[in-house]
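Working through the structure, step by step
The chain contents come next:
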Amino acid sequence: MAHVPQIKIPATYMRGGTSKGVFFRLQDLPQSCQVAGAARDKLFMRVIGSPDPYSAHIDGMGGATSSTSKC
């Protein structure tokens, strides 16, 4: 797996019931991710840890299913 450099993006992590979410302000996202499309999808998938190369967690946020974590 190729190393992808990390970037810092301000975010808030919240949990409600069994669901978890990472919330961003649009203006804090990289310019290419401020509109819907492949760049934003790729960023959000990376944030929640999907796909997990070790198959330990589907969503990368400590849960067992991808449907319980959201961006």
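Just so it is clear, the model here is predicted, and its values are computed rather than measured.

A word on the overall build of the protein
Along the backbone of the protein there are one helix and three strands. Listing every helix and strand of the protein by position from the N terminus yields β-β-α-β. Every one of the 71 residues in the protein was classed for burial, and the buried ones make up 20%. Partitioning the intrachain contacts of the protein with sequence separation of at least 6 by distance along the chain shows that 33% fall at a separation of at least 24. When the accessible area of the protein is evaluated, it comes to approximately 5,400 Å², of which 60% is carbon and sulfur surface.

Regarding the packing of aromatic side chains
With the rule as written, the count across this model stands at one aromatic pair. Measuring from ring centre to ring centre gives 5.6 Å for Phe-24 and Phe-44, while their planes differ by 10°; the resulting arrangement is stacked. In this pair, Phe-24 is assigned in the loop between β2 (19-23) and α1 (38-47) and Phe-44 in helix α1, connecting sequence segments 20 residues apart.

How each quantity is defined
- Residues numbered from 1 in each chain as written.
- Predicted model: local features only at pLDDT ≥ 70, side-chain atom pairs only at ≥ 80, totals over all residues.
- Heavy atoms only, no water.
- Helix = DSSP H or I, 4+ residues; strand = E, 2+ residues; numbered from the N terminus.
- Buried < 20%, exposed > 50% of the residue type's maximum accessible area, 1.4 Å probe, protein only.
- Contact = heavy atoms within 4.5 Å.
- Areas by Shrake-Rupley, 256 points an atom, 1.4 Å probe, with all protein chains shown as cover.
- Phe/Tyr/Trp six-rings, centres within 6.5 Å; stacked < 30°, edge-to-face > 60°.

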